[in-house]
Amino acid sequence: MRTDMSSQPQPEPQAQAQTQIHNIGYRKYDGPRLGRAYARRSLFVQSLRGSYGLGRSAKSKVLPMILLGIMCVPALIIVAVAVTTKMTKLPVAYTQYAMIMQLVIALFVASQAPQAVSLDLRFRSVPLYFSRPIERLDYVLAKFGAMATALFMLTALPLLILYIGALLAKMDFVEQTKGLAQGVASVVLLALLLGGISLVVAALTPRRGFGVAAIIGVLVISYGAVSTLQGIAWATDNFDAVAWLGLFSPMTLIDGVQTAFLGASSTFPDALGPSTGQGVVYLLAVLALIAGSYGILMRRYRKVGL
């Protein structure tokens with residue numbers, strides 16, 4: 001069947017004349033492609049800075065900086081007294097300092113872990129991260145590393161102050177260096193363990209307030225419950241139970257590891273810390289919790305990324 005082309009509507013000449021292509025200045029990017037490593041490093045730095053409020057509003061800097069100051073003030077006082085009175089030994093061991101200041105550490109991690117991950121969940125920005133070269137592995141590594149590094153800085157800085165003060169007071173160099181190394185090893189494990197646990201708890205809810213309360217519950221309430229049960233076990237002469245009960249709280253886990261392997265004095269009732277064999281179980285439990293936290297985060301962000 002033949003179609004009559006003259007019967008079809010033709011575009012008006014005026015409409016054809018008005019059709020134009022405008023050059024608005026967009027150009028193809030010809031610079032270097034920095035790739036995943038740069039994106040992962042940038043996310044790590046941004047998250048680490050955010051843990052102390054850097055790059056954020058002035059209000060966001062107040063709490064982390066106050067907590068950092070609270071962590072350092074007792075160390076400065078100890079140093080001042082040691083130098084003034086010419087002490088031959090620090091009144092607080094390097095491995096004991098974090099145990100004494102654990103409430104401050106718990107408040108820091110409870111306030112900053114939700115800031116690191118909960119806001120991304122709440123505002124649904126995680127898929128935007130994954131739309132770039134960055135992948136789920138990069139996101140989890142950057143966040144985990146930033147939180148652990150922030151905690152390490154919080155706990156290691158007072159130890160460095162104590163070390164410098166001890167050298168100024170002319171205490172034995174070898175003994176103080178050994179004590180510092182033991183303290184740093186302890187806070188490295190502490191930072192990895194608390195950083196991983198806190199991020200897992202915070203990643204379960206987009207509500208920052210819920211994350212803060214849950215992290216405080218996991219860290220503070222668990223320590224109080226375990227310490228109470230240890231006191232009851234010691235009072236009833238169940239001495240073997242004292243060490244095994246320490247497996248059920250993050251802070252007592254670190255206490256047990258440093259007592260068994262780092263020459264620390266235990267904070268358990270009557271200083272009944274774990275034996276070397278029990279210390280191996282403590283160390284394996286710490287490593288399993290760190291690896292498990294990483295695995296849970298990877299699984300969590302497999303779903304969130306979609």
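Rules of the game
- Residues numbered from 1 in each chain as written.
- Predicted model: local features only at pLDDT ≥ 70, side-chain atom pairs only at ≥ 80, totals over all residues.
- Heavy atoms only, no water.
- Helix = DSSP H or I, 4+ residues; strand = E, 2+ residues; numbered from the N terminus.
- Contact = heavy atoms within 4.5 Å.
- Areas by Shrake-Rupley, 256 points an atom, 1.4 Å probe, with all protein chains shown as cover.
- Expected span 1.5 Å × (residues − 1).
- Bend = angle between axes of the 7 residues up to and from the residue.
- Buried < 20%, exposed > 50% of the residue type's maximum accessible area, 1.4 Å probe, protein only.
- Polar contact = N/O pair within 3.5 Å; in protein donor to acceptor, adjacent residues only side chain to side chain.
- Patch = residues over 30% accessible without salt bridge, like charges linked within 9 Å, V, L, I, M, F, W, Y side chains within 5 Å.
- Salt bridge = Lys/Arg side-chain N within 4 Å of Asp/Glu carboxyl O.
- Axes fitted to C-alpha atoms, helices over the stretch in contact; angles between N-to-C directions.
- Parallel < 35°, antiparallel > 145°, perpendicular 65-115°, else oblique.
- Left-handed = near helix turned anticlockwise from the far one by under 90°.

Moving on: the overall build of the protein. Broken down by element type, the protein carries 12 helices and 0 strands. In the protein, of all internal contacts separated by at least 6 residues, the share reaching a separation of at least 24 is 77%. Working note: accessible area of the protein is about 17,000 Å², and carbon and sulfur atoms make up 65% of it.

A few words now on helix α5 (residues 102–122). Taking 1.5 Å per residue, 21 residues should reach 30 Å; α5 reaches 29 Å between its end C-alpha atoms and fits that length. A maximum bend of about 35° is found in α5 at Q115. Counting buried residues in α5 gives 17 out of 21 residues, a clear majority hidden from the surface. Just past α5, the residue R124 takes up positive phi, approximately 55°.

Before going further, it helps to spend a moment on the side chain of K143. Mapped onto the secondary structure, K143 falls in helix α7 (residues 136–168). By relative accessible area, which is 6% here, K143 ends up buried. A distance of 2.8 Å separates the side chain of K143 from the backbone oxygen of A116, its partner in a polar contact. Residues in contact with K143, not counting those within four places in the same chain, are L43, Q46, S47, A116, V117, D120 and L199.

For the rest of this paragraph, the subject is a nonpolar patch on the surface. A cluster of nonpolar residues, V83, L157, L160, I164 and L168, forms a patch on the protein surface that exposes about 420 Å² of accessible area. Ranked by residues supplied to the nonpolar patch, first place goes to α7 with 4 residues. In this structure, L168 sits in helix α7.

This next bit is on the packing of helix α3 (residues 58–85) against α7. Following both chains from N to C, one finds α3 and α7 inclined at 10°, their axes separated by 9 Å at the closest point. When the interaxial angle is binned, α3 and α7 end up roughly parallel. Between α3 and α7 lies a crossing whose hand is right-handed. Where α3 abuts α7, its residues L67, L68, M71, C72, A75, L76, I78, V79 and V83 lie against L154, T155, L157, P158, I161, L162, G165 and L168.

This structure, assessed with the given rule, holds 3 salt bridges. Measuring nitrogen to oxygen at the nearest pair gives 2.8 Å for the salt bridge that ties D138 to R36. Taken together, the residues D138 in helix α7 and R36 in helix α2 (residues 35–51) connect sequence positions 102 residues apart. Note on D138: relative accessible area 0%, which makes it buried. Connected through shared salt-bridge partners, R36, R40, E135 and D138 make up one network.

Take unusual backbone geometry next. The phi angle of most residues is negative, glycine excepted, and most peptide bonds adopt the trans form. Positive phi outside glycine occurs at K86, with the angle close to 55°. The class for K86 is exposed, based on a relative accessible area of 66%. Phi angles above zero are rare outside glycine, and A271 is one such case at about 55°. Note on placement: A271 falls in the loop between α11 (250–261) and α12 (276–304).

As a further point, take helix α9 (residues 208–235). In this model, α9 (28 residues) spans 40 Å end to end at C-alpha, consistent with the 40 Å of a helix rising 1.5 Å per residue. Of all the bends found along α9, the most pronounced is centred on G217 and spans about 30°. By the burial criterion, the buried members of α9 are G211, I215, L219, S222, V226, Q230 and A233. If you follow the buried residues of α9, they end up packed against α5, α8 (173–203), α10 (239–245) and α11. Positive phi appears at D237, one or two residues downstream of α9, with a value of about 65°.

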